[in-house]
Amino acid sequence: MSTPTQTTKSDPSVLVRLRDLWNDYLPYWFMAPMVLVMLLITIFPGAYDLYLSLVEYKLSEPGTMGQFNGLDNFRTAFTSGGAVNSFTLTIIFVSGALALETVLGFLLAALVTGVKSERMKTFYRVAFILPMAVAPVSLATITRIMLNSEIGVIPYMITQYTPFAAPNFLSDIPLLTVMLVDTWNWTPFMFIIFYAGMSSVPETLLEASRVDGAPLWRRYVHVIIPYMKPVLFVAILIRLIDLFRTFGLVFSLTSGGPGTQTELVSINIFQTGFTFVDLGAASAIAIVYLVGIIALCNILIIKIGFEGVWE
Amino acid sequence: MATIDSPEKPERLLSRTTRERLVAAGRHAALLVWSFVVLFPLYWIVSMSLKPPSEAISLPPDWIFLPTVYNYVQLLQQSSFITAFGNSVFMVSTSVVLVLLIGVPAAYVLSRYDVPKQRDVLVWILSSRMLPPVAVVIPFFVIFRTLNLYDTRIGMIFMYITINISVVIWVMKAFFDGIPETLEEAARVDGATQFQAFRKVILPAAKPGIFSVAIISFIFAWIELLFSLVLTNNNAVTVTMQVYQFIGVRQIEWGMLAAATTATIIPIALFVIVVNKYLAAGLSFGVVVKE
């Protein structure tokens, strides 16, 4: 390094040192970009929402805009707005859809895993993922026409080919209909993660339990499910959070109606913020919602997820 | 199935092969029922897109009809649809590559190292997905205006990363947790550096997870509407926004809507079919490594 003639030798040594730097601090290099992105996407929107929730921010009253008003927004949201109703509806919607999607996704993954023919396996795998590809906004429009009591093909087929009379899906049972459409749309998410998780159960483990003559259900309860536990837990947790965020589908399918029968919290926030142009109150609901979801997830993570997932 | 399989039953009514065939038949029957539930609405969309406007929503349905490409021709004549389609393909693919590059290594570290306050870090990551999108989009609208990112592809790619980063990290951490640590220890004993062990041993074993997470991230970004509605205007318009515009104020043009929806499903179908092959390959490789 000291003399110019040695540059050819010193170049590799710089490289070596760079490589050592890379290897010695590997976990830090691996984490750094993620931490940077996360700081950008959580601190700013979170802080801005908190700020909005504490100030007067009605676009209809520009004079008072930006004035600090303590907890007034929270009071407005939870007394005059339909926030309480929307929280109840959301809990019903989320628990119903989550249960359906988890059970169906697991069953489908288990059934497809056992298929012998490679070609059929590929067919099922591809077909079962496809509903996810339909954007909620398209799905809502198509659902509206397929379920329409006068021109819809599904009520038509139910009345024609079964002994039952078709209900008027969007006015008689709106919340259940929304739940079923969401199940159609998002069971693929559970299927694909469960399927990948199930496929990574080591063949040796399965072979051992087969040799022991364990019946099928025992193989699931004692071998497959315990092995898949982290994957199961994570998929359910992510789906839970996404169900709480459901917006596009319900908004374009029922707009919260009839009346307020499908007015989930995300719809309530949107309407408070953009229809009644009260961004302060909308942010207040969003903050309460966020705190509620974080609390719920923390309880789940501590009570259920701790063993097996976190070691 | 459990009772038929049970070894405690001394006398079996059916021979082993007959039983296996019955189980397989039952399995396929159940799977075909779900295939019908999944494929019928998709068939309905595609067939609607191939019907002339007068027949699109007639009842009883025209099960047999002469397909026409009229709706697709109409769609392609709007250059804005093609532009939006290209935009979406470019922005979504780029964002998936980036989110995997950022998320997968971080998930590995969270799975293998003693990260301080690990649980809090993971909850923090997940919290980025807990804020309702409606609440997230207002602050980003403000910041994008200030930084000149409004209506740019870079801006939208960034938004797509924010949608997917938590999912990538959480799912991949769960997968890495399932891969025995003895694997990379063996590689380290053979003289590989930590990075080489990660790249040559751990990544191949985690392939099924990486491919499913890639499919999921691609889809989440591809179907996103709210962000493109608020944060784009002209240069970075997405394909879902084009679909949305068919349901605008005017009467819905069913045929065009169906054609546009079909067109949005095609890239995902292709992506799933392509990756599906690697998914299967990744799976068998994972098993080989473990033995």
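Bear in mind that the values here come from a model prediction, so they are computed numbers and not experimental data.

Novice: I'd like a description of the overall build of chain A, backed by residues and values.
Specialist: Looking only at helices and strands, chain A has 14 helices and zero strands in total. Along chain A, helices and strands appear, N-terminal first, in the series α-α-α-α-α-α-α-α-α-α-α-α-α-α. Here the C-alpha atoms of chain A give a radius of gyration of 26 Å, more than 25% beyond the 19 Å that 2.2 N^0.38 yields for 311 residues. By its C-alpha atoms, chain A is 85 × 70 × 40 Å across when sized along the principal axes.

Novice: Just give me the short version of the overall build of chain B, but keep the residues and values in it.
Specialist: Secondary structure summary: chain B contains 13 helices and zero strands in total. Secondary structure of chain B in N-to-C order comes out as α-α-α-α-α-α-α-α-α-α-α-α-α. Here the contacts in chain B between residues at least 6 apart in sequence split such that 71% fall between residues at least 24 apart. Of the accessible surface of chain B, which amounts to about 13200 Å², a share of 65% is contributed by carbon and sulfur atoms.

Novice: Describe the nonpolar core, and please don't skip the residues or the numbers.
Specialist: If you look at the biggest cluster of nonpolar residues, it comprises 194 residues, and the most contacted ones within it are Met34, Phe128 and Phe189 of chain A together with Ile169, Trp170, Met172 and Phe176 of chain B. Sorting elements by how many residues they give to this core places helix H7 (residues 153–178) of chain B first, with 16 residues. With sequence-adjacent residues up to four places away left out, Phe189 of chain A is seen in contact with Met132, Ala235, Ile238 and Arg239 of chain A together with Ile216 and Phe220 of chain B.

Novice: Kindly report on the packing of helix H2 (residues 26–53) of chain A against helix H6 (residues 133–146) of chain B, identifying the contributing residues and their values.
Specialist: It is the contact of H2 of chain A with H6 of chain B, at a shortest axis distance of 9 Å, that shows an interaxial angle of 105°. With respect to H6 of chain B, the element H2 of chain A is oriented roughly perpendicular. Touching Leu40, Ile41, Phe44, Pro45, Tyr48, Asp49 and Leu52 of chain A of H2 of chain A are Ala135, Val136, Ile138, Pro139, Phe140, Val142 and Ile143 of chain B, all from H6 of chain B.

Novice: Provide a residue-level description of unusual backbone geometry, including the pertinent values.
Specialist: Positive phi, close to 50°, is recorded for Ser255 of chain A, a residue that is not glycine. Position of Ser255 of chain A among the secondary structure elements: in the loop between helix H12 (248–253) and helix H13 (265–275). Of note in this structure, Asn148 of chain B is not a glycine but carries a positive phi near 60°.

Novice: So what's going on with the side chain of Thr102 of chain A? Which residues, and what values?
Specialist: Residues and elements named next belong to chain A. Tracing the backbone shows Thr102 in helix H4 (residues 83–113). From its side chain, Thr102 meets the backbone oxygen of Leu98 in a polar contact 2.6 Å long. What Thr102 contacts, discounting residues up to four positions off in sequence, is Met190, Phe194 and Ile236.

Novice: Kindly report on helix H9 (residues 174–199) of chain A, identifying the contributing residues and their values.
Specialist: All names here are of chain A. With 26 residues, H9 ought to run about 38 Å at 1.5 Å a step, and its terminal C-alpha atoms sit 37 Å apart, in line with that. The largest bend in H9 comes to about 40°, at Asn185, with the proline Pro188 one to four residues further on. Of all 26 residues in H9, 24 are buried, a share of seventy percent or more.

Novice: Can you break down the interface of chain A and chain B residue by residue, with the values?
Specialist: Opposite the 103 residues of chain A that make contact, chain B presents 101 residues. In total, about 9300 Å² of surface goes out of reach between chain A and chain B, with carbon and sulfur atoms giving 82% of it. The tally of links between chain A and chain B comes to one salt bridge. Across the salt bridge formed by Asp242 of chain A and Arg129 of chain B, the nearest N and O atoms sit 2.6 Å from each other.

Novice: Could you give me a rundown of a nonpolar patch on the surface, with the residues and numbers involved?
Specialist: Residues and elements named next belong to chain A. Taken together, Val14, Leu15, Leu18, Leu21, Trp22, Tyr25, Tyr28 and Trp29 make up a surface patch of nonpolar side chains, about 840 Å² in accessible area. Within the element layout of this structure, Leu21 appears in helix H1 (residues 7–24). Residue Leu21 is classed as partly exposed on the basis of its relative accessible area of 42%.

Novice: Give me the side chain of Ser217 of chain B: which residues, what numbers.
Specialist: Note that Ser217 of chain B resides in helix H10 (residues 207–222). Not counting residues within four places of it along the chain, the set of residues in contact with Ser217 of chain B comprises Val96, Val99, Asn164 and Val168 of chain B.

Novice: Talk me through H7 of chain B; I want residue IDs and the actual numbers.
Specialist: Residues and elements named next belong to chain B. Over its 26 residues, H7 extends 37 Å from the first C-alpha to the last, a length consistent with the 38 Å expected when each residue adds 1.5 Å. At Asn164, H7 is deflected by roughly 40°, the largest bend along its length. Extensive coverage of H7 is indicated by the burial of 22 of its 26 residues. The backbone nitrogen of Gly155 has a side-chain oxygen 3.1 Å away, supplied by the residue at the start of H7, namely Thr152.

Novice: Would you mind going over the environment of Ser95 of chain B in detail, with residue names and values included?
Specialist: Residue and element names in this part refer to chain B. Counting through the fold element by element, Ser95 comes out in helix H4 (residues 79–112). Overall, the relative accessible area of 1% leaves Ser95 in the buried class. Between the C-alpha atom of Ser95 and that of Arg112, which follows or precedes it by 17 residues, the distance is 26 Å. Aside from chain neighbours lying at most four places away, what touches Ser95 is Ile157, Tyr160, Ile161 and Ala221.

Novice: Can you break down the confidence of the model for chain B residue by residue, with the values?
Specialist: Residues and elements named next belong to chain B. When pLDDT is averaged across chain B, the result is 84; 90% of the residues are at 70 or more. Within chain B, the element-level pLDDT minimum falls on helix H1 (residues 2–5), averaging 48, and the maximum on H4, averaging 94. Confidence drops under pLDDT 50 across residues 286–291; counting only partners more than four residues distant or on other chains, this segment forms eight contacts.

Rules and cut-offs
- Residues numbered from 1 in each chain as written.
- Chains lettered and ligands numbered in written order.
- Predicted model: local features only at pLDDT ≥ 70, side-chain atom pairs only at ≥ 80, totals over all residues.
- Heavy atoms only, no water.
- Helix = DSSP H or I, 4+ residues; strand = E, 2+ residues; numbered from the N terminus.
- Rg over C-alpha atoms; globule rule 2.2 N^0.38 Å.
- Contact = heavy atoms within 4.5 Å.
- Areas by Shrake-Rupley, 256 points an atom, 1.4 Å probe, with all protein chains shown as cover.
- Core = buried A, V, L, I, M, F, W, Y, C linked by side-chain atoms within 4.5 Å.
- Buried < 20%, exposed > 50% of the residue type's maximum accessible area, 1.4 Å probe, protein only.
- Axes fitted to C-alpha atoms, helices over the stretch in contact; angles between N-to-C directions.
- Parallel < 35°, antiparallel > 145°, perpendicular 65-115°, else oblique.
- Polar contact = N/O pair within 3.5 Å; in protein donor to acceptor, adjacent residues only side chain to side chain.
- Expected span 1.5 Å × (residues − 1).
- Bend = angle between axes of the 7 residues up to and from the residue.
- Buried area = accessible area lost by both parts, 1.4 Å probe.
- Salt bridge = Lys/Arg side-chain N within 4 Å of Asp/Glu carboxyl O.
- Patch = residues over 30% accessible without salt bridge, like charges linked within 9 Å, V, L, I, M, F, W, Y side chains within 5 Å.
- pLDDT = per-residue confidence, 0-100.

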